[in-house]
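Commentary on secondary and tertiary structure
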Amino acid sequence: MNLAQPLPASVKIIEVGPRDGLQNEQQTISAETKIELVNRLSQAGFPNVEAASFVSPKWVPQMATSSEVMAGITRRPGTLYSALVPNMKGFEAALAAGVDEVVIFAAASEAFSQKNINCSIAESIARFRDVAQAAKQHHLRLRGALSCAFGCPYQGEVTADSVADVVRQLRELGCDEIDIADTIGVATPRHVQVVMRRAIDEFPIERLSGHFHDTYGQALANIYASLEVGISIYHASVAGLGGCPYAKGATGNVATEDVLYMMQGLGIETGIDLDAVVDAGQFISDKLGRKAVSRAGNAIAAKRTPGCN
Ligand SMILES: CC(C)(COP(=O)([O-])OP(=O)([O-])OC[C@H]1O[C@@H](n2cnc3c(N)ncnc32)[C@H](O)[C@@H]1OP(=O)([O-])[O-])[C@@H](O)C(=O)NCCC(=O)NCCSC(=O)C[C@@](C)(O)CC(=O)[O-]
């Protein structure tokens with residue numbers, strides 16, 4: 001029996017490079033560079049750029065410049081600028097910085113919740129209740145991220161039921177969108193379809209997203225598997241930037257250039273200029289002093305060099 005549906009005609013791609021991509025970089029990246037990266041990405045046409053994170057600078061020092069970044073960017077009408085917010089202190093800073101969307105971030109794994117935000121899942125949901133209410137009061141969009149939905153670096157297996165349980169709690173907080181995240185990139189396509197189908201039982205499919213890291217080289221296959229079950233929102237990171245400070249060995253999110261190239265080939269509309277994203281990827285890779293991790297990005301950049309075909 002073929003359970004696959006027709007693929008969506010269009011998808012929303014959320015660019016998470018400036019936050020998820022850069023948060024784990026050991027070298028200090030200037031606010032100026034982050035601002036230029038965000039501007040290049042919004043100009044490329046992304047409907048949503050995750051630009052900042054108002055977490056404790058003791059926990060994630062690279063994100064300490066988030067207010068400066070938000071103050072320095074040139075806002076493009078049509079782009080929403082999002083930021084991670086773990087508590088009310090983060091919310092106040094995000095509000096003052098003028099973010100359009102706050103992202104509360106829970107986990108499907110107790111062990112990861114403790115390592116990442118220093119509290120249990122239940123405590124995190126209680127903390128997020130105040131943030132969610134404040135976001136609604138201020139008419140800000142509210143997104144819920146769910147880490148370790150397919151496996152945890154500390155506890156190992158994570159069940160689809162525990163994912164569904166936290167999705168339901170995030171729905172009850174009033175999340176407009178919920179991200180099902182493979183923080184350590186361990187998922188494979190059939191597993192993804194099982195978990196996504198359980199999540200769809202708890203939350204409207206058109207507001208669920210897939211957030212895949214590429215640690216085991218499965219991210220594009222996992223996106224395709226999610227397309228088959230009808231998921232139409234995906235996160236990606238320019239030049240494949242990233243990793244998670246609390247998930248050892250996690251590599252970057254799937255590279256945005258690779259996702260856009262695949263969507264183009266599938267005839268799925270994104271509204272994003274792939275060439276401009278390749279430029280943004282080369283820009284940030286030059287600043288970091290290393291080659292972009294995107295296969296498609298590097299291939300397209302190489303083709304532009306005279307003498308290459
Ligand atoms: C949640 C806390 C704050 C708890 O951390 P804590 O130490 O339990 O909190 P606390 O309330 O005891 O505060 C400790 C200190 O931090 C300060 N503080 C407290 N809150 C803030 C804030 N918002 N902004 C700035 N400062 C803050 C607070 O004022 C205090 O300062 P002190 O009195 O010692 O000088 C901490 O654990 C934290 O910031 N964690 C963030 C970890 C993180 O950002 N991880 C990466 C993002 S998650 C992720 O990447 C996964 C995702 C979403 O991408 C999906 C995926 O890929 O799977």
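Residues numbered from 1 in each chain as written. Predicted model: local features only at pLDDT ≥ 70, side-chain atom pairs only at ≥ 80, totals over all residues. Heavy atoms only, no water.

Comments concerning the packing of aromatic side chains
- Counting across every chain of the model gives 2 aromatic pairs.
- Plain terms: the ring middles of phenylalanine 112 and tyrosine 154 are 6.3 Å apart, the flat faces sit at 25 degrees to each other, and that makes the pair stacked. Here phenylalanine 112, found in helix 5 (residues 110-117), pairs with tyrosine 154, found in the loop between strand 5 (141-147) and helix 7 (160-172); they are 42 residues apart in sequence, far enough to count as distant.
- With a relative accessible area of 1%, phenylalanine 112 lands in the buried category.
- Sitting over the ring of tyrosine 154, lysine 115 keeps its end group 5.1 Å from the ring centre. (Phe/Tyr/Trp six-rings, centres within 6.5 Å; stacked < 30°, edge-to-face > 60°. Helix = DSSP H or I, 4+ residues; strand = E, 2+ residues; numbered from the N terminus. Buried < 20%, exposed > 50% of the residue type's maximum accessible area, 1.4 Å probe, protein only. Lys NZ or Arg CZ within 6 Å of the ring centre and 35° of its normal.)

What to know about the packing of helix 5 against helix 6 (residues 121-137)
- Running from N to C, helix 5 and helix 6 cross one another at 55 degrees; their axes reach a closest spacing of 9 Å. With respect to each other, helix 5 and helix 6 are oriented oblique. Here helix 5 contributes Glu110, Ser113 and Ile117 to the contact with helix 6, which in turn contributes Ile121, Ser124, Arg127 and Phe128. (Axes fitted to C-alpha atoms, helices over the stretch in contact; angles between N-to-C directions. Parallel < 35°, antiparallel > 145°, perpendicular 65-115°, else oblique. Contact = heavy atoms within 4.5 Å.)

Focus on the layout of surface pockets
- Considered as a void within the structure, the largest pocket measures approximately 710 Å³ in volume.
- Along the wall of the largest pocket there are 40 residues; nearest its centre are Ser53, Val55, Pro86, Phe105 and Ile117.
- Sorting the residues of the lining of the largest pocket by element identifies helix 1 (17-21), strand 2 (48-53), helix 3 (66-72), helix 4 (88-97), strand 4 (101-107), helix 5, strand 5 and strand 6 (177-182) as the ones contributing at least two each.
- Partitioning the lining of the largest pocket into residue classes produces 19 nonpolar, 14 polar and 7 charged.
- As a volume, the second largest pocket reaches approximately 260 Å³.
- Considering the residues around the second largest pocket, the lining is formed by 22 residues, among which Asp214, Gly240, Asn253, Ala255 and Val293 are closest to the centre. (1 Å grid on protein atoms, 1.4 Å probe; cavity = no way out; pocket = protein on both sides within 12 Å on 5 of 7 lines; lining within 4 Å. Points joined across faces, edges and corners; volume = space filled by probe spheres on them. Nonpolar A, V, L, I, M, F, W, Y, C, P; charged D, E, K, R; others polar.)

Quick word on the sheet that holds strand 4
- Here 8 strands make up a closed barrel; going around it, the order is 1-2-3-4-5-6-7-8 and the pairing parallel. Taking each pair of neighbouring strands and ignoring which way they run, the sheet shows an average axis angle of 30 degrees.
- Pairing of strand 1 (residues 12-15) with strand 2 involves 2 bridges; the strand directions are parallel. The partner of glutamate 15 across the bridge, within strand 2, is valine 49.
- Along the sheet, helix 7 makes contact with strand 4, strand 5 and strand 6, crossing strand 5 at roughly 165 degrees.
- Of the strands in this sheet, strand 1 and strand 8 (233-236) touch helix 10 (residues 256-266), which is tilted by about 170 degrees from strand 1. (Pairing = 2+ DSSP bridges.)

Re the pairing of strand 3 (residues 80-84)
- In terms of burial, strand 3 is largely enclosed, as 4 of its 5 residues are buried.
- As paired strands, strand 2 and strand 3 are joined by 5 bridges and run parallel to one another. Following the sheet pairing, glutamate 50 is matched in strand 3 by serine 82.
- A crossover links strand 2 with its parallel partner strand 3, the connecting element being helix 3, and its sense is right-handed.
- Two elements, strand 3 and strand 4, share 3 bridges in a ladder whose sense is parallel. By the bridge assignment for strand 4, serine 82 is matched with glutamate 101.
- On the question of chirality, the crossover connecting strand 3 to the parallel strand 4 by way of helix 4 is right-handed. (Right-handed = clockwise from strand over helix to strand, strands pointing away.)

Some words on the side chain of glutamate 257
- Mapping glutamate 257 onto the fold places it in helix 10.
- One buried charged side chain, glutamate 257, makes no salt bridge at all; its nearest oppositely charged neighbour is arginine 304, positioned 9.3 Å away.
- Ignoring anything within four residues of it in the chain, the contact list for glutamate 257 reads Ser237, Val238, Ala239, Leu274, Val277, Val278, Gly281, Ser294, Ala296 and Gly297. (Lys, Arg positive; Asp, Glu negative; His and termini not counted. Salt bridge = Lys/Arg side-chain N within 4 Å of Asp/Glu carboxyl O.)

Remember that the coordinates give geometry; whether it matters functionally is a separate question.
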